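Fold and contact review
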Amino acid sequence: MFGQPRIQYKTNSQMRTMREAGLVLIRALDAAVESAVVGATTADIDAAFAAVLKEAGATSNFLGYHGYPATVCVSVNEEVVHGIPGKRVLEDGDILSIDGGAVVNGWHSDSARTVIVGTPDPEDQRLSDVTEEAMWHGIAAAAKGRFVGDIGAAIDDYVSGVPGKPLGILEDYVGHGIGTEMHQAPDVLNYRTSHNGPKLRPGLCLAIEPMLVRGKIETVTLEDDWTVVTTDKSRASQWEHSVAIHDKGIWVLSSPDGGASRLAPLGVTPVPIPED
């Protein structure tokens, strides 16, 4: 009774419904990314995302979550996560993370992308590219590994091995289980520890979301009680996908091809979720 929170394991049918939510989310994020241009506001991004959900008959799992006031999180430059969309006007060279989710028939999806507006700073582009690739290394570890802790180890090993100036892996914010709620057990760390975590087994669905910064990893939450920024004002990137583990393999729920193109170089072939 005093152990870890119980993990929710899904049937294939339930995971296929989560895939439906993931497909809606892909379209919504596509619209959000397309709207992220010089002169647009972060509220414009939120509106573009919300319009796709409405058309699909899906709902946002962010809006109203512990009082969160928007459909997506839009975190700009030194904002790491949970940035609230509003009147802020995007400028050339801004780097922003768009994090959103969709709910279909009670089942959740969650995904994030980093976008650079206009002309990218090469170091910002490197930050985004490394964060994205680190995510895919974590997803590959979910296919190949034995424990949830193998995901964080793979992310950590990849990031620490990238040539050039070191990037920081945020430790205060981590990935998570997902299913009938957006945030479920287990936590999915983005760094190596001595704790293996639970076994990777069929029915487990995880949101894998590394967050990297160009400077130090210390953060602070602003007065809005949501927006998290780096204390040294260094820029940040977040990438995230929801992943389903089933008895035939894995399938990336929030990727159009289930992750096939990005996982192939890592020696993983994702398999669509089979019928029950």
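The sections below set out a description of the structure shown in this document. (Residues numbered from 1 in each chain as written. Predicted model: local features only at pLDDT ≥ 70, side-chain atom pairs only at ≥ 80, totals over all residues. Heavy atoms only, no water.)

1. Quick look at the sheet that holds strand S12 (residues 236–238)
Note: strands within a sheet are paired through backbone hydrogen bonds, in either parallel or antiparallel orientation. As summarised here, the arrangement of the 3 strands in space is S5-S9-S12, forming an open sheet in which the pairing is antiparallel. This sheet does not close on itself; its edge strands, each paired only once, are strand S5 (168–169) and S12. The sheet contact formed by S5 and strand S9 (residues 211–213) spans 2 bridges and is antiparallel. The residue bridging isoleucine 169 from the neighbouring strand is leucine 212, located in S9. In this fold helix H3 (residues 122–144) packs onto S9 and S12, with an angle of close to 30° to the strand it touches most, S12. (Pairing = 2+ DSSP bridges. Helix = DSSP H or I, 4+ residues; strand = E, 2+ residues; numbered from the N terminus. Contact = heavy atoms within 4.5 Å. Axes fitted to C-alpha atoms, helices over the stretch in contact; angles between N-to-C directions.)

2. A few points about the packing of aromatic side chains
Following the criterion strictly, the structure yields 1 aromatic pair and no others. When the centroid spacing of 5.0 Å and the interplanar angle of 80° are considered together, the rings of tyrosine 68 and tryptophan 226 count as edge-to-face. On the criterion of sequence distance, the pair formed by tyrosine 68 in the loop between helix H2 (42–56) and strand S1 (73–76) and tryptophan 226 in the loop between strand S10 (219–221) and strand S11 (228–230) is long-range, its members being 158 residues apart. Residue class for tyrosine 68 comes out buried when judged on its relative accessible area of 3%. Directly above the aromatic system of tyrosine 9 lies the positively charged group of arginine 201, at a separation of 3.8 Å from the ring centroid. (Phe/Tyr/Trp six-rings, centres within 6.5 Å; stacked < 30°, edge-to-face > 60°. Buried < 20%, exposed > 50% of the residue type's maximum accessible area, 1.4 Å probe, protein only. Lys NZ or Arg CZ within 6 Å of the ring centre and 35° of its normal.)

3. Quick look at H2
Taking 1.5 Å of rise per residue, 15 residues should cover 21 Å, and H2 covers 22 Å from first to last C-alpha, within 8% of that figure. Within H2, burial applies to Thr42, Ile45, Asp46, Ala48, Phe49, Val52 and Leu53. Projection of H2 onto a plane perpendicular to its axis shows the buried side chains occupying an angular sector of 160°, all on one side. Residues of H2 that are exposed and angled more than 90 degrees away from the buried face: Lys54 and Glu55. At the exit of H2 stands glycine 57, carrying a positive phi of roughly 75°. (Expected span 1.5 Å × (residues − 1). Arc of directions from axis to C-beta.)

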